[in-house]
Amino acid sequence: QSDSVINGLKEENQKLKKEVDSLASQRVENQTLAKENKQLKRQLKLNKSLTDYDKISAYVLSRTPSAWQNQVIISKGKTAGVVKNAAVMSKEGLVGRVVEVNQTNSKVELLSTENDDANRFAVQLSNSKDETVNGLITGYNSEKNELIMGQVTSKVKIKKGTSVITSGMGGNTPKGLLVGKVVRVADDDYGLPSKIYIKPAADMADLSVVTVAKRTD
């Protein structure tokens with residue numbers, strides 16, 4: 001009889017141990033999920049704030065022939081809430097960023113600028129497999145009207161016609177503003193994309209009304 005009691009206790013002991021183990025693993029799982037949810041919520045909040053922006057409409061006051069592809073002066077400034085480094089768009093897409101703010105007007109440096117010291121936009125694109133490529137607009141080819149995306153982070157296949165948008169990283173630019181579409185990709189010696197050439201969505205030659213996108217986060 002005592003044997004069966006001992007066996008019964010052993011069985012119970014095993015069962016309890018299993019329950020404790022499964023509770024422990026469940027707890028770890030719950031903690032992991034909670035942590036992940038927290039990160040996801042933070043990411044959602046960030047994405048939301050990155051894409052939230054106030055729109056300030058302005059028109060182009062002047063454009064110097066000698067600096068035609070470099071900059072324009074627009075009709076809104078501090079009084080209207082324009083801030084330095086804010087992105088500027090036409091109805092088709094991104095055109096440049098605010099580099100100087102006065103009381104009632106601002107100077108905008110265009111994406112087509114020849115100024116090597118220009119504050120470059122962080123941009124990204126996603127291919128058909130949903131692989132994201134980040135980079136910077138590093139220059140402009142005026143003969144071909146192509147923006148050059150350099151400092152490309154990942155080495156994935158990119159199709160012609162892929163949309164390029166602002167990534168919202170580093171600075172006052174909202175995420176998701178259309179920059180243009182890929183026209184060609186230049187590979188390096190190893191057959192990996194080193195430069196991506198983009199046809200700008202906006203017509204830089206014909207700018208009359210623009211929108212200043214002021215991030216709200």
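Please read all numbers here as calculations on a predicted model, not as lab measurements.

1. Examining the environment of Lys175
Mapped onto the elements, Lys175 comes out in the loop between strand 9 (163-166) and strand 10 (178-187). Through-space distance from the C-alpha of Lys175 to that of Val123 is 8.8 Å; in sequence the pair is 52 residues apart.

2. Considerations on the environment of Glu100
Mapped onto the elements, Glu100 comes out in strand 4 (residues 94-101). The partly exposed category is assigned to Glu100, whose relative accessible area is 35%. Excluding residues that lie within four positions of it along the chain, Glu100 makes contacts with Ser106 and Lys107.

3. Describing the pairing of strand 9
Here strand 6 (residues 122-126) pairs with strand 9 via 2 bridges, running antiparallel. Bridge assignment links Val123 to a residue of strand 9, and that residue is Thr166. Pairing between strand 9 and strand 10: 3 bridges, direction antiparallel. In the strand pairing of strand 10, Val164 is matched with Gly180.

4. Looking at the environment of Val60
Note on placement: Val60 falls in strand 1 (residues 53-62). Each C-alpha atom of the pair Val60 and Lys18 lies 73 Å from the other, and the pair is 42 residues apart in sequence. Discounting residues that sit within four places of it in the chain, Val60 has contacts with Val72, Ile73, Ile74, Leu207, Ser208 and Val210.

5. What about the pairing of strand 8 (residues 146-150)?
Consecutive residues of a regular strand have side chains that alternate between opposite faces of the sheet. Burial analysis of strand 8 places 5 of its 5 residues in the buried class, which makes it a mostly covered element. Of the two faces of strand 8, the one holding Glu146, Ile148 and Gly150 and the one holding Leu147 and Met149 are both buried throughout. Pairing between strand 7 (residues 132-141) and strand 8: 5 bridges, direction antiparallel. Its bridge partner lying in strand 8, Tyr140 is registered against Leu147.

6. Things to note about the sheet that holds strand 2 (residues 71-74)
Taken together, the 6 strands give a closed barrel; going around it, the order is 1-2-5-4-3-12, and neighbouring strands pair in antiparallel fashion. Shown here is a sheet whose adjacent strand axes are inclined to one another by a mean of 45 degrees, direction ignored. In this structure, strand 3 (residues 87-89) lies alongside strand 12 (residues 209-215), joined through 3 bridges in antiparallel fashion. Of the residues in strand 12, the one forming a bridge with Ala87 is Ala213.

7. Looking at the side chain of Gln124
Its location among the elements puts Gln124 in strand 6. What makes Gln124 buried here is its relative accessible area of 12%. A polar atom in the side chain of Gln124 sits 3.0 Å from the side chain of Asn134.

8. Section: a nonpolar patch on the surface
On the surface, Tyr59, Leu61 and Val209 cluster together into a nonpolar patch covering about 310 Å² of accessible area. With respect to the element layout, Tyr59 can be found in strand 1.

Parameters at a glance
Residues numbered from 1 in each chain as written. Predicted model: local features only at pLDDT ≥ 70, side-chain atom pairs only at ≥ 80, totals over all residues. Heavy atoms only, no water. Helix = DSSP H or I, 4+ residues; strand = E, 2+ residues; numbered from the N terminus. Buried < 20%, exposed > 50% of the residue type's maximum accessible area, 1.4 Å probe, protein only. Contact = heavy atoms within 4.5 Å. Pairing = 2+ DSSP bridges. Axes fitted to C-alpha atoms, helices over the stretch in contact; angles between N-to-C directions. Polar contact = N/O pair within 3.5 Å; in protein donor to acceptor, adjacent residues only side chain to side chain. Patch = residues over 30% accessible without salt bridge, like charges linked within 9 Å, V, L, I, M, F, W, Y side chains within 5 Å. Areas by Shrake-Rupley, 256 points an atom, 1.4 Å probe, with all protein chains shown as cover. Salt bridge = Lys/Arg side-chain N within 4 Å of Asp/Glu carboxyl O.

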